[in-house]
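# A closer look at the structure
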Amino acid sequence: MKERVWIKDEGIERGAEKLTPERIEKTINQVLDNEAGSRLKAYVETCAHCGLCSEACHFYLSRDRDPRFSPVGKVKQTIWEMLDKKGKVSTEFMKQAVQVAQTECNMCRRCVQYCPFGIDIAYMMSLVRRISHKLEITPLYIQDTAHSHSATMNQMWVKDDEWIDALHWQEDEMREELPNARIPLEKEGAEIMYSVIGPEPKFRTQLIYQAAAIMNEAGMDWTMPATPGWDNSDMAMYTGDSEMMGRLKRLHFETAARLRVKKIVMGECGHAFRSVYDTGNRVLGWRMPPIPVVHALEFYWDLLNEGKIKVAKLFEEPVTFHDPCNVVRGRGLHEKAREVVRAFCPNFIEMTPNREHNYCCAAGGGVINCGPPFKNSRVESNRVKAEQLQATGVKVCIAPCHNCHGGLEDIIHKYKLDMQLKFLGEIIYDCMEKPNAV
Amino acid sequence: MSDYSAWDWGVGSRTVADLTECDCDVEWREENQASPDGEQVGAVVKTGEGEFSVCVNGSCWEPRYERIWYLRYSPDGRLAGLANDQGDWTMCVDGEQWEESFGFLFNTMFSKDGSVIACCVADSMTYGMVVDGVAWENLYANANNFHLSADGKKSAAVVQTIPLGQAEVFKFKDGIFSVAVDGEAWDVNFVNAWSPRFSADNSSVAAQVRLNLFDYTIVVDGKPWNAIFNQVWEPLFHPKSKSVVAPVRLSGKWGMAQDGKVIWQPSFFQTWQQQFSPSGDKLAAIVCPEYGRWTLAVDGKPWNTTFGDMVMDMTFSPDGKRLAALGKQDGKWTVFADDKPWGGQYDMCFAPVFSPDSKHVAARVEKKGKFTIAVDGKDYGQGFDQCFDPTFSPDGSKVLIRAIADGKYMRIVEPVAKIIG
Ligand code: SF4
Ligand code: SF4
Ligand code: SF4
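Residues numbered from 1 in each chain as written. Chains lettered and ligands numbered in written order. Predicted model: local features only at pLDDT ≥ 70, side-chain atom pairs only at ≥ 80, totals over all residues. Heavy atoms only, no water.

Here we take up the overall build of chain B. In terms of regular secondary structure, chain B is built from two helices and 44 strands. What you see for chain B is a C-alpha radius of gyration of 23 Å, in line with the 22 Å of a compact globule of 421 residues. If one aligns the C-alpha atoms of chain B with their principal axes, the spans along those axes are about 60 × 55 × 35 Å. Within chain B, the proportion of its 421 residues that are buried is 57%. Across chain B, the fraction of contacts at a sequence separation of at least 24, relative to all contacts at a separation of at least 6, is 38%. Of the accessible surface of chain B, which amounts to about 16,400 Å², a share of 47% is contributed by carbon and sulfur atoms. Considering chain B, the positive charge centre built from 39 side chains and the negative charge centre built from 56 side chains are found 9 Å apart. (Helix = DSSP H or I, 4+ residues; strand = E, 2+ residues; numbered from the N terminus. Rg over C-alpha atoms; globule rule 2.2 N^0.38 Å. Buried < 20%, exposed > 50% of the residue type's maximum accessible area, 1.4 Å probe, protein only. Contact = heavy atoms within 4.5 Å. Areas by Shrake-Rupley, 256 points an atom, 1.4 Å probe, with all protein chains shown as cover. Lys, Arg positive; Asp, Glu negative; His and termini not counted. Charge placed at Lys NZ, Arg CZ, Asp CG, Glu CD.)

Here it is, written out as structure tokens:
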């Protein structure tokens, strides 16, 4: 077996300097006793150590079946030991546990489908992250992102005016093509609030442009807020800071409620969907989102089926489609996504495995957000993804998730794949009828 | 609010403006806003290539701008929009712009009576507030959570007082945020601060703070409460004293604390948006008494009527004896008052409004794409393409309905008795 590499991260190292055996023990036991409850107990008691989950994990498969990267191996290196020792674990152990839980598991939940008992490894990794948060040994870059969330209510330190400015600017640009188009801000009573993630106003403004063009051409009654609350993303969910997750989601839903919209449509993002549709709403006391949340994939499907967008030209080049875990395993949008892809792309080639069995991009679960120190390890841990992409033989991969884009881009680069990534909205925008364009 | 007894309360309906008419060329008309007294309807209009104005009752403001946005009526009936001309931003009020211009303006706020108009400013990468055209003397590297006191005399925001480089997480944890009042920052910093609020006499400010990554409390004039909580929400001053209440979370459940002491034992899955009755004798909040069920609690005691989707817009009656809010169940909204829901269900409801005598509750409602108002659960007979919030006459016997149908903006005064039959 290859030697295990323990990566130095400033956030973990400097945080660990302040740890004492007492603090570690107390924190672990407090989280395990008060927050974990019966679910953890049931999992620990049921696991038969059969290893059936191993084959599910891209880390394990990409790392020559090294058991330390198997799902159950990750549990062994973290929470089992903590339970076994009743929290009496060393600082060194905790540093390694953070690396395992925060950077070697995407919380993609592929493994849960392979376990005969449905044991959710991702849940156990989230408990480790919660403990790390309380011990202040979260990796530097993702902690910085969580700080941004807390201070600005968005992921990218975007200031209140920068958000509005980005929308004004995109509206101006769009009018060159669609002279009557608008990005209606603060339109009370609109049908839809469109929400995005922090990187969009910062680096990927063309996605706001494309979404706005689709909204305009489809004749939607929509709006965007001119206040914080526009960002649906959530790295606090992935650092174990559930209090901050709640704060972010409260603002997002209250913003939609203030605008009196009937639903929230969100852009092509996986983890944000998990946060608004599953974890964030629930931590606040809502079983379901208080205002319905529609992911872009579902929204496109609705528009197409209601005849609100029409295909003007086909995207002839062969394409494949990457199913993002959070909206496919998490929400079952794979068939709807395929219908939209097929409507625009006649030469659609499935990657194998696909749908709910697709391999994760290795970026999700906040892993890519842990930044440069972990990049090589992350990309090395997803050789199977590269092989899976390559086997399709196509040069265009549609990935309707921001993190997936980041992760796949790195894999394409490292394994020298001749492949280009696209968001589905990009293809729709390019190929749909635009009756109002000049 | 302007003296609304002087408004036209004569029963009847009249068309105030035909929205298809304007004395300037209009390429398109944006969202309509109705003045509080119902006598005006205004909207941003595109008047030419890259040129916008505001059309009020068929007549355009004189100035033209490259962009005008966030057009809103102040409670005293003035119409204000944020306007940009060649990169300079100003506030244009009834067609007259502020003397000064700024790098960027956003988030317009009004004092309760509308006499003060304020907004946020971003100028050369510094941030603060502008009140009636005058910016704070000190601007900050970042500011947010802006707040204007009820009388408009004071303004506050969370401000960043120490510069932060990329990924400086340890510096961040030492605290780089504070609260500034009229631009003057407190001399203490916190990891985070949110939602500054003024006391009734403006002499104190309270805010939520995070002391480290997981200890939360309330701070008043820079001094944190002695108690620490797992989480807190926005503070609120008592209307007649300096006492502060805030929802707090302990051992996974939410309750209420006053001046650092728990007054509602933490027993709820959620507690927020608390309000005092006007005299301050009662405290109510939106609560989640049972996981996934929402209602109101008065002095810590939850109501029986619960909703599964959401509860919002809690409103006390002027006499403080009644309480109403919106509840949503299975995707449909209704108003509930005094622990009883209205019979009707709507696709959307807007914030409930009490009559000055506290006897009636009204709300703007939407059903199947048509808007109207409802009083005490009874819908007004006519549906409109658009409708604004209802206003009761000073004696509570009539209601003012502002609405748009077939391209015409109307002002209707109807006896309450006729609506509730
Ligand atoms: S990365 Fe995915 S498959 Fe691997 S352990 Fe984590 S949740 Fe399971
Ligand atoms: S498949 Fe399930 S039971 Fe088997 S080792 Fe994995 S988690 Fe344990
Ligand atoms: S980034 Fe994409 S593939 Fe990876 S976990 Fe998230 S949704 Fe799944």
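Turning our attention to the overall build of chain A. Of regular secondary structure, chain A possesses 20 helices and seven strands. Against the 2.2 N^0.38 benchmark of 22 Å for 438 residues, chain A shows a C-alpha radius of gyration of 22 Å, consistent with a compact globule. Pairs at least 24 residues apart make up 81% of the contacts formed inside chain A by residues separated by at least 6 positions. The averaged location of the 60 negative side-chain charges in chain A is 4 Å from the averaged location of its 57 positive side-chain charges.

All names here are of chain A. The contact between helix α5 (residues 91–103) and helix α6 (residues 121–135) brings their axes to 9 Å, and the two run at 130 degrees. Taken as axis vectors, α5 and α6 run oblique relative to one another. As α5 runs across α6, the sense of the crossing is left-handed. Along the contact surface, α5 presents Met94, Ala97, Val98, Ala101 and Gln102, while α6 presents Met125, Val128, Arg129, Ile131, Ser132 and Leu135. Tallied by class, residues from the contact of α5 with α6 come to eight nonpolar, two polar and one charged. (Axes fitted to C-alpha atoms, helices over the stretch in contact; angles between N-to-C directions. Parallel < 35°, antiparallel > 145°, perpendicular 65-115°, else oblique. Left-handed = near helix turned anticlockwise from the far one by under 90°. Nonpolar A, V, L, I, M, F, W, Y, C, P; charged D, E, K, R; others polar.)

The next point concerns the sheet that holds strand β30 (residues 293–298) of chain B. Residues and elements named next belong to chain B. Within the open sheet, the four strands sit side by side as β28-β29-β30-β31. Their pairing is antiparallel. Looking at which strands have only one partner, the edges of the open sheet turn out to be β28 (270–276) and β31 (301–302). Here strand β29 (residues 283–290) pairs with β30 via five bridges, running antiparallel. Note that in β30 the partner of Ala285 across the bridge is Ala297. (Pairing = 2+ DSSP bridges.)

What follows concerns the site of ligand 2. In the vicinity of ligand 2, the contacting residues are Cys47, Ala48, His49, Cys50, Gly51, Leu52, Cys53, Val72, Cys115, Pro116, Phe117 and Ile119 of chain A. Considering only residue class, the shell around ligand 2 consists of 10 nonpolar, two polar and no charged. (Near = heavy atom within 4 Å.)

The next thing to look at is the interface of chain A and chain B. Where interface size is quoted, it is often the accessible area lost as the parts come together. Across the contact, 55 residues belong to chain A and 60 residues belong to chain B. Counting the surface lost from both chain A and chain B, the interface buries some 5,100 Å², and carbon and sulfur atoms represent 55% of this. By the criterion of area lost to chain B, the three top residues of chain A are Arg247, Arg250 and Arg260 of chain A, representing 15% of everything that side buries. Along the contact surface separating chain A from chain B lie 11 salt bridges. The partner of Glu30 of chain B in a salt bridge is Arg182 of chain A, and the shortest N-O contact between them spans 3.3 Å. For the pair chain A and chain B, the interface holds 30 residue pairs in polar contact (both at pLDDT 80 or more). (Buried area = accessible area lost by both parts, 1.4 Å probe. Salt bridge = Lys/Arg side-chain N within 4 Å of Asp/Glu carboxyl O. Polar contact = N/O pair within 3.5 Å; in protein donor to acceptor, adjacent residues only side chain to side chain.)

Here the focus is helix α18 (residues 383–392) of chain A. Turning to α18 of chain A, its buried residues are Val384, Lys385, Ala386, Gln388, Leu389 and Thr392 of chain A. Trailing α18 of chain A by a residue or two, Gly393 of chain A shows a phi angle of about 70 degrees, which is positive.

Turning next to the confidence of the model for chain B. When pLDDT is averaged across chain B, the result is 97; 100% of the residues are at 70 or more. Interface scoring of the predicted complex returns ipTM 0.98; its pTM is 0.98. (pLDDT = per-residue confidence, 0-100.)

What follows covers the sheet that holds strand β21 (residues 216–220) of chain B. Across the sheet, four strands lie side by side as β19-β20-β21-β22 (chain B); this open sheet has antiparallel pairing. The sheet is open, and its two borders are formed by β19 (192–198) and β22 (223–224) of chain B, each paired with just one other strand. Lying on the sheet, helix α12 (residues 242–258) of chain A is in contact with β19, β20 (205–210) and β21 of chain B; it crosses β21 of chain B at an angle near 60 degrees.

On to the packing of aromatic side chains. By the definition in use, this model includes 28 aromatic pairs over all chains. Ring centres of Phe388 of chain B and Tyr409 of chain B lie 6.4 Å apart, and the angle between their planes is 75 degrees; this geometry places the pair in the edge-to-face category. Linking Phe388 of chain B in the loop between β41 (386–387) and β42 (391–392) with Tyr409 of chain B in strand β44 (residues 408–415), this pair joins segments that are 21 residues apart in sequence. Tyr409 of chain B gets classed as buried once you look at its relative accessible area, which sits at 0%. Taken together through their ring pairs, the aromatic side chains of Phe253 and Trp286 of chain A together with Trp233, Trp254, Trp272 and Trp294 of chain B make up a single cluster. When the ring centre of Phe170 of chain B is taken as reference, the NZ or CZ atom of Arg14 of chain A above it lies at 4.0 Å. A cation over an aromatic ring shows up here: Lys336 of chain A above the ring of Trp301 of chain A, its NZ or CZ 4.4 Å from the ring centre. (Phe/Tyr/Trp six-rings, centres within 6.5 Å; stacked < 30°, edge-to-face > 60°. Lys NZ or Arg CZ within 6 Å of the ring centre and 35° of its normal.)

With that out of the way, let us pick up the site of ligand 3. All names here are of chain A. Close contacts around ligand 3 come from His322, Pro324, Cys325, Asn326, Cys360, Cys361, Gly364, Cys401, Asn403 and Cys404, and that covers them all. Contributing elements (two or more residues each) for the shell around ligand 3: α15 (325–328) and α19 (402–414). Of the residues in the shell around ligand 3, the class split is six nonpolar, four polar and no charged.

This next bit is on the environment of Asp8 of chain B. All names here are of chain B. With respect to the helices, strands and loops of the structure, Asp8 is situated in the segment before β1 (12–18). In this structure, the C-alpha to C-alpha distance between Asp8 and Val413, residues 405 residues apart in sequence, is 8.5 Å. Beyond its immediate stretch of four places on either side in the chain, Asp8 contacts Arg14, Glu39, Arg411 and Val413. Only 2.9 Å separates the side chain of Asp8 from the side chain of Arg14, close enough to count as a polar contact.

Counting across every chain of the model gives one disulfide over all chains. Disulfide pairing places Cys24 of chain B opposite Cys60 of chain B at an S-S distance of 2.1 Å. Within this pair, whereas Cys24 of chain B is found in the loop between β1 and β2 (28–29), its partner Cys60 of chain B is found in strand β6 (residues 59–60), the two being separated by 36 residues in sequence. As far as burial versus exposure is concerned, Cys24 of chain B and Cys60 of chain B are alike and both buried. Cys345 of chain A supplies the cysteine sulfur nearest to Cys431 of chain A, a cysteine that is in no disulfide, at a spacing of 6.7 Å. (Disulfide = S-S within 2.5 Å.)

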